[in-house]
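Each chain, letter by letter, is given below.
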Amino acid sequence: MNSVLRVCAVVAAVVSLSACSVRNPVKENSPDPQVAAARYVHDGPTRLTLYTMRSNRTGQGAHTSLLINASERVAFDPAGSFRKEGAIVAKNDVVYGMTPWMTDQYTRFHARETYHVVVQSLDVSLQVAEMAMRKAQSLGPVMESQCAQSTSQVLRSLPGFEDAPSTLFPLKLEEYFAAKGATYDRLFEYDDDDKSKVLAAFTPEYEATN
């Protein structure tokens, strides 16, 4: 009986982490000049925003990422799939140019008929936000199914977040942010589950707004 339970636990873990199991080849990294040109400074408060993608069927966490508003606003999308050469500027697992339009596109990209997105925000000092961004940039490409673990690694390196759980499970970080007093919002959308169609149709902001 115990062996059956262990197998079930392993299967559940694999399923819950499946959405962050896409490994984008490093060769798809945007060139450094594009990364520099994409720099976007957001005038809102310096902030960490945790994204948790949850199954609409089971409620289990499937992917974790972190929007960081520091000296520029970037998204740490570990082992994520929000990538398109020529339209989305990313190096390793950091996505640059997170304007309001791009942030909206990023959030909606993850919400579909099978998943919704939990969005939790905590205001932090500029120093802490900057440390988070530098840590995310230093990690390089994250291994498959390590989205929560690598996000936890970023958080645990920050003053005031040393007690963040070291975990493979996105819901553990969601619970941690809730206990820290983070704001809470959810996005539900019911687009087709095939995200490749979304990326195929994705256009840069300057094209979308002209």
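Here the structure is a predicted model, which is why all the values come from computation and not from measurement.

How each quantity is defined
Residues numbered from 1 in each chain as written. Predicted model: local features only at pLDDT ≥ 70, side-chain atom pairs only at ≥ 80, totals over all residues. Heavy atoms only, no water. Helix = DSSP H or I, 4+ residues; strand = E, 2+ residues; numbered from the N terminus. Buried < 20%, exposed > 50% of the residue type's maximum accessible area, 1.4 Å probe, protein only. Pairing = 2+ DSSP bridges. Contact = heavy atoms within 4.5 Å. Axes fitted to C-alpha atoms, helices over the stretch in contact; angles between N-to-C directions.

A.B. asks: Mind showing me how you'd approach unusual backbone geometry here?
C.D. replies: Working note: non-glycine residues mostly have negative phi, and peptide bonds are mostly trans. Positive phi, normally seen in glycine, also occurs at alanine 79, with a value near 55°. Within the fold, alanine 79 resides in the loop between β3 (73-76) and β4 (90-91).

A.B. asks: Would you explain the pairing of strand β6 (residues 115-123) in this entry?
C.D. replies: Consecutive side chains of a regular strand alternate in pointing toward one face of the sheet and then the other. With eight of nine residues buried, β6 is to be regarded as a mostly interior element. For strand β1 (residues 47-55) and β6, the ladder comprises nine bridges, and the chain directions are antiparallel. What sits directly across from leucine 50, in β6, is glutamine 120. Where β6 lies against strand β7 (residues 185-187), three bridges are found, and the strand directions are antiparallel. Pairing of valine 118 across the sheet is with arginine 186, part of β7.

A.B. asks: Explain the sheet that holds strand β5 (residues 94-95) to me, please; I cannot follow it from the model alone.
C.D. replies: To summarise the sheet geometry, strands pair through backbone hydrogen bonds and adopt either a parallel or an antiparallel arrangement. Spatially, seven strands are ordered β4-β5-β3-β2-β1-β6-β7 in an open sheet, and the strand pairing comes out antiparallel. The open sheet has two edge strands, β4 and β7, and neither has a second partner. Here helix α3 (residues 100-110) sits on the sheet in contact with β1, β2 (61-69), β3, β6 and β7, set at roughly 25° to β1. In this fold helix α5 (residues 147-156) packs onto β1, β2 and β3, with an angle of close to 30° to the strand it touches most, β2.

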